[in-house]
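What the coordinates show
What follows is each chain in one-letter form.
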Amino acid sequence: MFGSEILETAIGVILIFLLVSVICTAIREAMESILKTRAAFLESGIRELLHDRSAVGIARSFYTHPLIHGLFSGDYKPRKGVIRPSPLAHGSNLPTYIPTRNFALALMDIAARGSGAVATSDASSPVLSLETVRANVINIENAQVQRVLLTAIDTAQGNMDKAVANLGAWYDSGMDRVSGGYKRATQKVLFGIGLVVAIGLNINPLTIADYLYRNDAARKAVVARAEAAAKDTSAPAGSSHSYAAARAELDSLGLPIGWGRGPSIRGGNWIDVASPMLGWLMTALAATLGAPFWFDLLNKVMVVRSTVKPHEKSGEESSEDRQSSAAQAAVAKGDVGATTHAVGAGTEVPVVQVAGGVVPAAGPPLDAPRRSAGPAPDPEADVDGCDVELTAADVHTSDEDLPAATGGVA
């Protein structure tokens, strides 16, 4: 059976990975607040979606439209050079999020009124409608975007909201691809941060697992901390509060973590060099999975432990038959003595002497309640006269002379 020591050791390692992931995610969010890499990925995705990678046409008109320009401060300055941003790209002052409806309305307004036109209440000013957009779609000097607009209008069947929803669905599908690229870039950054944290704090899960497996007191203390962590969802992963709490929790576990307490690279044996490096790589890879992954895994493993632990604590009760069989087997071997044991006035039962006391040779245990040999007393004997004893001198009526019975159930 899967030993509880191994399961509890795994819980301890998962807790370490959870705390390290919280620390790395918090560092990544702090870097994101400075670099604004999300904004760089969003701008790159929109330029590709609008088929204007150089941002000299519709992409520039889009970002300078009032519905979009109001989401950030300053002027729009497209990034130069490579269109695909790096994992640590700088997003400058660009917005990190653009609502779907703003995207659709801005694109339709550019098609209806042009990129540089100023809308007025003059009767000659074009009205934003499906007919106006379709008639002036040539204002968007991009054949691919023109076709998308015409398709969205034609499938809307005269419904403005439906046309906006069609353009919004096109935008959302493009942003799903951008989100996937940003997630992969974030994992690369988390791996680098995790490697730096693992080496800087000397976090080797192999050493920690060996320490927990051999130290019962430390293993139980870490499991207790893991139970508390699995129930606590007050601090969201990635916040500064979570970073401070995770770092304090990591330092208070009393595990071989750190260059002062953990083992160092001695270089006398290749294992002394390979083991820390392998452990650091494992920690860095664990950080790329994120704190939510390890939190969910910790809860699942705690559920498994709660089902395994009671089974190990509850021993199987011995039955009467097993006691009797064990006693008979002991008597057959001749290594115990057979005798009798008094259990009541004038009552003895055969028993055998074994280590730690005596057991009955057959039947229930000696401390089991015993019943008297006679029949159970009738509680209504004084009511129906069944307690009256007749003697030979008493005159009694025979069954043939008794009157016929009446009533009853037919």
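Presented here is an overview of the structure given in this document. Note that the coordinates shown come from a computational prediction; the quantities given were computed from them, not determined experimentally.

Looking at the secondary structure, you find Asn202 in the loop between α8 (160-201) and α9 (205-214). Classification of Asn202 as buried rests on a relative accessible area of 3%. A distance of 3.5 Å separates polar atoms of two side chains, one belonging to Asn202 and the other to Trp280.

The terminal C-alpha atoms of helix α5 (residues 100-113) lie 20 Å apart, and with 14 residues this matches the ideal 20 Å at 1.5 Å per residue to within 8%. Counting buried positions over the 14 residues of α5 gives eleven, a clear majority of the element. Buried within α5 we find Asn102, Phe103, Ala104, Leu105, Ala106, Leu107, Met108, Asp109, Ile110, Ala111 and Ala112. In the core, the buried residues of α5 are packed alongside α2 (37-49), α3 (58-63), α4 (66-69), α6 (130-135), α7 (143-154) and α8. Note on α5: the residue one or two positions beyond its end, Gly114, has a positive phi of about 90°.

Moving on, we get to the pattern of salt bridges. Counted according to the given criterion, the structure contains 15 salt bridges. Measuring nitrogen to oxygen at the nearest pair gives 3.4 Å for the salt bridge that ties Arg305 to Glu8. Residue Arg305 is found in helix α13 (residues 291-313), and its partner Glu8 is found in helix α1 (residues 4-35); the two are separated by 297 residues along the sequence. The burial state of Arg305 is the same as that of Glu8; both residues are buried. A salt bridge links Arg38 to Glu29, with the nearest nitrogen and oxygen atoms 3.4 Å apart. Judged by its relative accessible area of 32%, Arg38 is partly exposed. Assessed through its relative accessible area of 33%, Glu29 is described here as partly exposed. What emerges from the salt-bridge pattern is a single network uniting Glu8, Asp216, Arg219, Glu227 and Arg305.

The subject of this paragraph is a nonpolar patch on the surface. Together, Leu206, Leu278 and Met282 make up an exposed nonpolar region whose accessible area comes to about 230 Å². One can find Met282 in helix α12 (residues 270-289). Under the relative-accessibility criterion, Met282 is labelled partly exposed at 33%.

Moving on, we get to the environment of Lys188. Position of Lys188 relative to the elements: it lies in helix α8. As a C-alpha pair, Lys188 and Thr288 span 100 residues in sequence and 7.4 Å in three-dimensional space.

Membership of the largest hydrophobic core comes to 43 residues, with the highest contact counts inside it found for Ile46, Leu50, Phe62, Tyr63 and Leu107. Put simply, the parts of the chain that give this core at least two residues each are α2, α3, α5, α6, α7 and α8. Counting 37 residues, the second-largest nonpolar core is a separate cluster that includes Val13, Leu15, Leu201 and Leu253.

Cut-offs applied
- Residues numbered from 1 in each chain as written.
- Predicted model: local features only at pLDDT ≥ 70, side-chain atom pairs only at ≥ 80, totals over all residues.
- Heavy atoms only, no water.
- Helix = DSSP H or I, 4+ residues; strand = E, 2+ residues; numbered from the N terminus.
- Buried < 20%, exposed > 50% of the residue type's maximum accessible area, 1.4 Å probe, protein only.
- Polar contact = N/O pair within 3.5 Å; in protein donor to acceptor, adjacent residues only side chain to side chain.
- Expected span 1.5 Å × (residues − 1).
- Contact = heavy atoms within 4.5 Å.
- Salt bridge = Lys/Arg side-chain N within 4 Å of Asp/Glu carboxyl O.
- Patch = residues over 30% accessible without salt bridge, like charges linked within 9 Å, V, L, I, M, F, W, Y side chains within 5 Å.
- Areas by Shrake-Rupley, 256 points an atom, 1.4 Å probe, with all protein chains shown as cover.
- Core = buried A, V, L, I, M, F, W, Y, C linked by side-chain atoms within 4.5 Å.

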